[in-house]
Amino acid sequence: MRVEHAGVVLGAGFLVSAETVLTCAHVVQDVEHVVLRFPGAQGLGELAARVAVRGPWGGRPADTGDVAVLALDRPVAVTPAAFAEPDGVREVHEPPRLVAYGFPDGYGWEGAQTELRVTAAGQLIHDEWNQAEYWSGHGQEPSYGFSGSAAMRAADGTVVGMVASYDPAVRNARIIPARVLARHVPALADLVPTPGCSAGEKRRLRELVDLAERTGPLPVPVEPLLLAAAGRPGLVPPVTRPAGLWQGVWHLLTESPPARGRVPLAELAVRIADQVADEELRRAFRAWAREHRARFGAPEPMVVPGAGPVDVAGATAATVAGCDDEPRHGAVADTVRPRYGRPAPGAPLPWAPILVEVRRSGADSGTVIAEVSVYRSGDRILVSERRLTAAQLRGWVVDRIDEAYEDIVDGRPLVAFALPRGWLNKDVDQWTRKRGKEPPLGCRSPVVVLDHDRRTKGRHQFELRRVWDELDRQGGSTLHRVACASPHQAARLSVLLQDVRGAVGFARPPTGARERELHGAALDAPAPIVLWPRTGCPPGGPCTGNCAGSGFLDRIAQRISLLPPAELP
């Protein structure tokens, strides 16, 4: 369509909805109201429009954001332009033929067409423009009067971008591709097809992002959130720093489409939720992520008798604590190993692990990095991640575990803490927001403690996988006892445990120097499961052999003998 002011042709534009037109910001640089004419719909006559949105164009030819949105004073019964997918200018063999309709000198009334092709479609000049040239080397120049016109694929009429400028000296034009238009005008994202994300999903996400931006900037830059959300195989970061949160969201959406088991946009929504202060908005982002992820959920595989369960936590260590009158105790296992799929009739439901991973922060010795995730059908679903002080950790973790339950569809909840080795004896099973007023974590579900150090060592992971392949075929669990008065040194004990295929039980907790060395030897052996009491004989003190630790080993041996290793949990 033609854009006029006071009878002078300013440029072109194209209809994107019944009452919205897109053009270049420089076309309407000095005006607020314009007149539009549709050469192909003369019966509409003149249409009044106002400049509703101006992009961040600075006024110079090399400035980015040369986009403007015009609002018609009434809707029109004309079919709006349909956008191609973001890669619509790319073809396997050669670039597609593009057609633009403009109003150059001499054709100000009826208009003229030009045919173009994009050069190096995969590369943008200044992260903003595609360079275009004549399709056949001659013909109508996309000169003054073409600015703001739609660059359409000749084959199907879909729009790949907007003509922004032309250099007659080198006879090259610049086209702002559709993905860049939507970066500057977020509402256009609903119209640009994006594989894996519907218009309705984008609209709702855009509304949430807008609400988040109104509350102020996030406390962290958006770039690290994008890279973390993309995961493997990674993400090419934006060439220029995103001017706002939406630009970062749009970059991830167009550059990292979802795949089986990997939904980057849902990951990003969760990470944004973790940075907003408003609780209602936080839950809205998480709900959006949950619904979006559900569209790509992998079907649950059936449980095959004798098949190894999926390892979700990697090689580490575990503790289970109960809520009965038994002495509280700790245990270390190499991994949380739930079975996915529908259980056989009468069989227990598979475990639904919530993983709380705590690692020391390299930036500050007084802080840790905590991350809470849910594993469902073998896929990791991030709940939240935050750098915290030790004093903040307990309350934050308990709150995030509550949120994690929202992502459990079925199965038996199990909370797994991956902790630094020196923290393995912490009473995380007793964590609660209000002591004495609500039940601790260990009364709600089994609590398992994992040795974070073992999770990072490939040799341990390899050896533990082999051990678990054997354990999964066992009908019960045996206990290898390390007595309270054990004479073994750490190195000797590590050697003795090389061939142990079962749980290792200590009569003393790792509270003294010698006890910590022995426990470390079992973890490094690596023993698949390590158990110990929380209380017992004093560290380094003598033992008569008939102590609380021995009684603990007797009781725990009886209990686990009735359960397969994967059901300990």
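What you see is a predicted model, and the numbers here were worked out from it, not measured in a lab.

Of the regular secondary structure elements, the protein holds 13 helices and 22 strands. In the protein, which comprises 569 residues, the proportion classed as buried is 52%. Across the protein, every contact between residues at least 6 apart in sequence was considered, and the portion connecting residues at least 24 apart equals 66%. Accessible surface computed for the protein: about 25,500 Å², of which carbon and sulfur atoms make up 53%.

With that settled, the discussion passes to helix 7 (residues 390-404). Taking 1.5 Å per residue as the helical rise, helix 7 with its 15 residues ought to reach 21 Å, and the 21 Å between its terminal C-alpha atoms agrees with that figure. Looking at the packing, one finds that the buried side of helix 7 touches helix 6 (279-294), strand 15 (351-360), strand 16 (367-376), strand 17 (379-389), strand 18 (412-419) and helix 8 (441-444).

This part covers the environment of Arg117. Mapped onto the elements, Arg117 comes out in strand 9 (residues 112-119). Given a relative accessible area of 22%, Arg117 falls into the partly exposed group. For the pair formed by Arg117 and Arg153, sequence separation is 36 residues and the distance between their alpha carbons is 9.6 Å. Filtering out sequence-adjacent residues up to four positions away, Arg117 remains in contact with Pro95, Pro96, Gln131, Ala132, Glu133, Tyr134 and Trp135.

Let us now look at the packing of helix 5 (residues 264-273) against helix 6. Relative to each other, helix 5 and helix 6 sit at 170°, their axes nearing to 8 Å. On the basis of their axis angle, the class for helix 5 and helix 6 is roughly antiparallel. Here helix 5 runs over helix 6; the crossing is left-handed. On helix 6, the residues that touch Leu265, Ala266, Glu267, Ala269, Val270, Ile272 and Ala273 of helix 5 are Arg282, Phe285, Arg286, Trp288, Ala289, His292 and Arg293. Across the contact of helix 5 with helix 6, the residue classes tally to 9 nonpolar, 1 polar and 4 charged.

Another point: the confidence of the model for the protein. In the predicted model, the protein carries a mean pLDDT of 81, and 85% of its residues have values of at least 70. With pLDDT under 50 throughout, residues 298-328 is counted as low confidence; its partners more than four residues away or in other chains account for 110 contacts.

Strands sit in the order 2-1-5-6-7-4-3 across an open sheet of 7 strands; the sheet is antiparallel. Unpaired on one side and paired on the other, strand 2 (8-12) and strand 3 (14-17) mark the two borders of the sheet. Going from strand to strand, the sheet's axes swing by 40° on average, the running direction of each strand aside. Looking at chain direction, strand 4 (residues 20-23) and strand 7 (residues 68-72) are connected through 4 bridges and run antiparallel. What sits directly across from Thr20, in strand 7, is Ala71.

Cut-off values and rules
- Residues numbered from 1 in each chain as written.
- Predicted model: local features only at pLDDT ≥ 70, side-chain atom pairs only at ≥ 80, totals over all residues.
- Heavy atoms only, no water.
- Helix = DSSP H or I, 4+ residues; strand = E, 2+ residues; numbered from the N terminus.
- Buried < 20%, exposed > 50% of the residue type's maximum accessible area, 1.4 Å probe, protein only.
- Contact = heavy atoms within 4.5 Å.
- Areas by Shrake-Rupley, 256 points an atom, 1.4 Å probe, with all protein chains shown as cover.
- Expected span 1.5 Å × (residues − 1).
- Axes fitted to C-alpha atoms, helices over the stretch in contact; angles between N-to-C directions.
- Parallel < 35°, antiparallel > 145°, perpendicular 65-115°, else oblique.
- Left-handed = near helix turned anticlockwise from the far one by under 90°.
- Nonpolar A, V, L, I, M, F, W, Y, C, P; charged D, E, K, R; others polar.
- pLDDT = per-residue confidence, 0-100.
- Pairing = 2+ DSSP bridges.

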